[in-house]
Amino acid sequence: MFKLFVLAVVAFGGVTGLDNGLARTPPMGWMNWQRYRCETDCDKYPDECVSEKLFKTMADKMVSDGYLKAGYEYIIVDDCWSAMERDEEDRLVADPIRFPSGMKALADYVHNLGLKFGLYGDFGTHTCAGYPGSINHLELDAQTYASWGVDYVKLDGCYADSDIMEEGYAEYGKYLNATGRPMVFSCSWPAYQEPLGEESNYEALKKTCNLWRNYDDIMDSWQSVNSITSWFVDNQDRLAPHSGPGHWNDPDMLIIGDFGLSYEQSKAQMTIWCLMAAPLIMSNDLVNIQPEFRDILLNKKALKINQDELGIQGTMKVFKNNIAAWVKPILPLSSTGEYSYGVGFISYRDDGIKYPIDFTFEELGLDGKYGYDILDVFTGEWVDDGTDIISVRVPPSGAVFLKAIVI
Ligand SMILES: *[C@@H]1O[C@H](CO)[C@@H](O)[C@H](O)[C@H]1NC(C)=O
């Protein structure tokens, strides 16, 4: 009965949402923005400027260091890639100094490695960094992206009226579809409404977009991770039901391996993002990343929970003693249709011990009649003791991430 219900929901989601066959699980990849921003001075910073060299280097690393194999397949060029002017036929062109081979050549390079190519644009008159926007060239720009071999479009919303975005993004989406080239469509319009207290139309988002940025840009700090997380928790009952195969809430990039998060905080971001069924788009330096951070990003058990094919967005279930407990229903189902769960405990404490705390299955909503086999995602150890209580020790601003496999 439960199983039939789940299948019906999944099938129904496919009918009401955008039907381009893409992003059936949360998209995974790499994007330059949070780590490299809009650095355009390649003379001074040859290894850090937004250039074809940067993207080729990162694409190579995605393959050689196992990211592609783990599922990170999109390499996405964010703002500041284009020239300041369109060409004489009004087409967007890449900056000739930083992308001398052009975007088609970069897409070909990426495709030859087995990766997919993403590119940023903006719905308004200008991009957020002041480069040409698409509002007067929506059809032409969709065609240009398709002709370059783009597989994923991130359309930002700077310099535009948020009241016309729902319609405008839908129009752009129609032009994307008309090119005949399947392209993941990442929308930004809720990020121009929700932070101002305006509720976005999620039914419209699902019809137009494969994923959408709901809230503020992530910055390189634990504080930023917390501010995004607490907004999603405050709104989880409204947001979570709209997540599913083909259409995802997007809390923004993973900043694991950057300057701002400790090792434990990095595990916490990974835990929350995996349980939220969030897109996993890294923004970091894959050349110099330390191995222990890379291991978090490549953790197979964590990724499997994020990529679970039911696509159910987990929620924060219980908050006690400054520990948040998150729960995400996943496969496999029991023979009677009960879910397994990804379960995460995030500490907002700062007393310097691993804080011991118990949660009952009942508190967490784990209602399987015959119990669960429980696996620690980060240590790989079985932690089940046969009771219906989960006892954990959570480090300050850190996480314990478990998989409860229904018996
Ligand atoms: C265009 O939309 C139709 C109808 O929703 C869909 O079947 C098709 O796969 C889409 N094509 C592309 C390239 O997105």
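Read on for an overview of the structure. Note that the coordinates shown come from a computational prediction; the quantities given were computed from them, not determined experimentally. (Residues numbered from 1 in each chain as written. Predicted model: local features only at pLDDT ≥ 70, side-chain atom pairs only at ≥ 80, totals over all residues. Heavy atoms only, no water.)

1. A few points about the site of the ligand
Thinking step 1. Taken together, Asp19, Asn20, Asn177, Gly180, Arg181 and Pro182 are the residues near the ligand.
Thinking step 2. A distance of 3.5 Å separates an oxygen atom of the ligand from a polar atom in the backbone of Asp19.
Thinking step 3. Between the ligand and the protein, one listed contact pairs an oxygen atom with a side-chain N or O atom of Asn177 at 2.3 Å.
Thinking step 4. Relative to its unbound accessible surface of 360 Å², the ligand loses 55% to contact with the protein.
Thinking step 5. Looking at the shell around the ligand residue by residue, the classes come out as one nonpolar, three polar and two charged. (Near = heavy atom within 4 Å. Polar contact = N/O pair within 3.5 Å; in protein donor to acceptor, adjacent residues only side chain to side chain. Areas by Shrake-Rupley, 256 points an atom, 1.4 Å probe, with all protein chains shown as cover. Nonpolar A, V, L, I, M, F, W, Y, C, P; charged D, E, K, R; others polar.)

2. Considering empty space enclosed by the protein
Thinking step 1. Summed over all chains, the structure comprises two cavities of 30 Å³ or more.
Thinking step 2. Here the largest cavity is characterised by a volume of approximately 50 Å³.
Thinking step 3. Lining of the largest cavity is provided by 13 residues; of these, Trp81, Ser82, Tyr120, Thr127 and Pro132 occupy positions nearest its centre.
Thinking step 4. Residue classes in the lining of the largest cavity are distributed as seven nonpolar, four polar and two charged.
Thinking step 5. In this structure, the second largest cavity encloses a volume near 50 Å³. (1 Å grid on protein atoms, 1.4 Å probe; cavity = no way out; pocket = protein on both sides within 12 Å on 5 of 7 lines; lining within 4 Å. Points joined across faces, edges and corners; volume = space filled by probe spheres on them.)

3. A closer look at the sheet that holds strand β3 (residues 116-122)
Thinking step 1. With respect to topology, eight strands assemble into an open sheet ordered β7-β6-β5-β4-β3-β2-β1-β8, the strand pairing being parallel. One side of each edge strand has no neighbouring strand; the edge strands of this open sheet are β7 (248-250) and β8 (280-282). Adjacent strand axes in the sheet meet at a mean angle of 25° when their direction is disregarded.
Thinking step 2. Bridge analysis of strand β2 (residues 74-77) against β3 gives four bridges, and the strand direction is parallel. (Pairing = 2+ DSSP bridges. Helix = DSSP H or I, 4+ residues; strand = E, 2+ residues; numbered from the N terminus. Axes fitted to C-alpha atoms, helices over the stretch in contact; angles between N-to-C directions.)

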